[in-house]
Amino acid sequence: MPGYEWFGAEERKEVNDVLETGILMRYGFDAQRKGMWKSKELEKEICSYFGCEYAQLVSSGTAALTTAMAALGIGYGDEVIMPTFTFVASFEAVLSVGAIPVLTDVDESLTLDPKAVERNITPRTKMIMPVHMCGSMSYMDELKAICQKHNLILLEDACQSIGGTYKGKHLGTIGDAGTFSFDFVKIMTCGEGGVVMTNNKDVFIKSDGYSDHGHDHLGVDRGADLHPFIGYNFRISELHAAVGLAQIKRLDKVLEVQRSRHKQLKNALSDVNGLSFRIVPDESGDTCSFLSFFFETEAQTQKFVALCSEAKLPGIFYWYNNNWHYIRKWDHLKNAVLLNKFPPETIEKVKQIVNAPFPQSDAVMSRCVSTPINLGWTDEQFAERCAKLKELAAEAVK
Ligand SMILES: *Cc1c(COP(=O)(O)O)cnc(C)c1O
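The model shown is predicted, which means the values in this text are computed figures rather than measured ones.

Asker: Lay out the overall build of the protein chain with the relevant residues and their values.
Answerer: Within the protein chain, the secondary structure is distributed over 14 helices and twelve strands. Here the C-alpha radius of gyration of the protein chain, 21 Å, is about what a compact globule of 398 residues would show, namely 21 Å. Within the protein chain, the fraction of its 398 residues that count as buried is 57%. In the protein chain, once contacts between residues fewer than 6 apart in sequence are set aside, the share between residues at least 24 apart is 69%. Only carbon and sulfur atoms are counted for the fraction: they give 53% of the accessible area of the protein chain, which is about 16,800 Å². Here the protein chain contributes 42 positive and 51 negative side-chain charges, whose respective centroids are spaced 1 Å apart.

Structure follows, in structure tokens:
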């Protein structure tokens with residue numbers, strides 16, 4: 001999966017371009033930077049590769065979500081519908097703007113179940129935030145229809161699905177805005193970084209200003225900029241953007257290898273009795289950075305995970321037991337352990353939502369295992385891995 005597995009001369013060249021000028025900041029210093037604008041260049045590449053009008057690079061995927069929410073006007077009292085299975089950054093960002101994360105069931109797509117979304121809509125619902133988890137996508141047509149029907153904003157957390165598509169459109173470019181993360185373990189990396197993508201000029205201009213202290217970037221230098229609103233600092237550095245410029249050029253090849261290995265592993269596991277695979281709303285758009293599959297029972301799944309651990313097989317993700325990705329172990333959220341003061345009614349509402357039982361999500365996640373499709377393995381190592389996974393899965397269902 002991760003871009004860091006392919007890292008080399010191209011990345012070094014781009015970073016050295018920046019080191020040679022010594023201008024590590026993305027704004028200003030026009031004369032000294034000798035024409036090097038790595039962040040601007042990467043934003044242009046992102047627009048053209050993924051097919052969006054505007055892209056604003058920021059310092060992380062979490063910062064991208066926060067920036068997008070601020071630009072979309074999400075805040076105090078607003079409810080944001082998001083899945084029970086995601087990375088903690090999704091609810092961190094919602095809380096960071098003062099809104100309420102309304103945790104909502106997933107189905108075997110490992111993403112928001114549109115029926116559960118409908119059930120959770122209240123007069124305070126302002127936005128739906130699907131998370132395209134583990135390289136594949138949410139039911140975008142259904143979610144878009146719900147947004148239209150109830151007049152809601154749609155923000156795609158596509159941090160884990162860079163390069164994936166849904167009915168021909170890139171994930172992250174379908175909603176009112178979308179985000180990628182370029183952290184070290186994502187499909188494409190900048191070391192750290194993220195981007196807000198949108199086709200809405202107003203959302204872009206606000207994202208551009210918000211991520212740099214509210215600067216309007218219209219002055220002749222930073223000192224001459226006006227500040228139409230209060231912002232924050234979520235800037236990316238030129239060094240990080242430089243890495244991304246090399247990485248985006250590798251993306252086609254990354255996706256090609258992931259897809260062929262994914263097919264190989266899926267074929268191998270298809271023979272195992274009772275094993276089923278994640279629902280993918282548009283198979284042709286899967287980035288194939290993970291293969292996710294289900295056993296018929298939780299007991300079989302636990303057995304498989306134990307067998308893999310005994311065999312010292314790396315890369316077996318049983319999200320149900322993992323404290324980063326699934327609501328079951330988010331104790332800090334359930335107890336609303338916040339360092340700074342929040343409105344008491346926000347805290348009470350959050351606690352009430354996240355401490356409710358989620359039997360539908362549990363039934364899905366307790367039987368699910370995901371395994372990353374790495375690029376670093378040789379073909380031989382990968383074939384061996386496929387055979388081993390098949391053997392252990394067959395033993396688990398015996
Ligand atoms: C990685 C990730 C993020 C946050 O990205 P960072 O760049 O690590 O801040 C947000 N959402 C999801 C689903 C992610 O996987």
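Asker: Outline the packing of aromatic side chains, listing residues and values.
Answerer: Applying the stated criterion across every chain yields a total of 19 aromatic pairs. Three or more aromatic residues link up through ring pairs in this structure, and these residues are Tyr49, Phe50, Phe180 and Phe182. Taking NZ or CZ as reference, arginine 33 lies 4.0 Å from the ring centre of tryptophan 37, over its face. Its end group placed over the ring of phenylalanine 277, lysine 266 keeps NZ or CZ at 5.2 Å from the ring centre.

Asker: Go over the side chain of threonine 165, please, and point to the residues and values.
Answerer: Along the chain, threonine 165 turns up in strand S6 (residues 165–166). Judged by its relative accessible area of 17%, threonine 165 falls in the buried class. Ignoring anything within four residues of it in the chain, the contact list for threonine 165 reads Met137, His170, Leu171, Asp282, Ser284 and Gly285.

Asker: Pulling in residues and values, what's your account of the sheet that holds strand S12 (residues 368–372)?
Answerer: Overall, antiparallel pairing links the three strands, which are arranged S10-S11-S12 in an open sheet. Two strands bound the open sheet, and with one partner strand each, they are strand S10 (276–277) and S12. Note: S10 against strand S11 (residues 290–294), two bridges, orientation antiparallel. Bridged to serine 276 within S11 is phenylalanine 294. Sitting on the sheet, helix H9 (residues 251–270) is in contact with S10, S11 and S12, with an inclination near 20° to S11.

About the criteria used
Residues numbered from 1 in each chain as written. Predicted model: local features only at pLDDT ≥ 70, side-chain atom pairs only at ≥ 80, totals over all residues. Heavy atoms only, no water. Helix = DSSP H or I, 4+ residues; strand = E, 2+ residues; numbered from the N terminus. Rg over C-alpha atoms; globule rule 2.2 N^0.38 Å. Buried < 20%, exposed > 50% of the residue type's maximum accessible area, 1.4 Å probe, protein only. Contact = heavy atoms within 4.5 Å. Areas by Shrake-Rupley, 256 points an atom, 1.4 Å probe, with all protein chains shown as cover. Lys, Arg positive; Asp, Glu negative; His and termini not counted. Charge placed at Lys NZ, Arg CZ, Asp CG, Glu CD. Phe/Tyr/Trp six-rings, centres within 6.5 Å; stacked < 30°, edge-to-face > 60°. Lys NZ or Arg CZ within 6 Å of the ring centre and 35° of its normal. Pairing = 2+ DSSP bridges. Axes fitted to C-alpha atoms, helices over the stretch in contact; angles between N-to-C directions.

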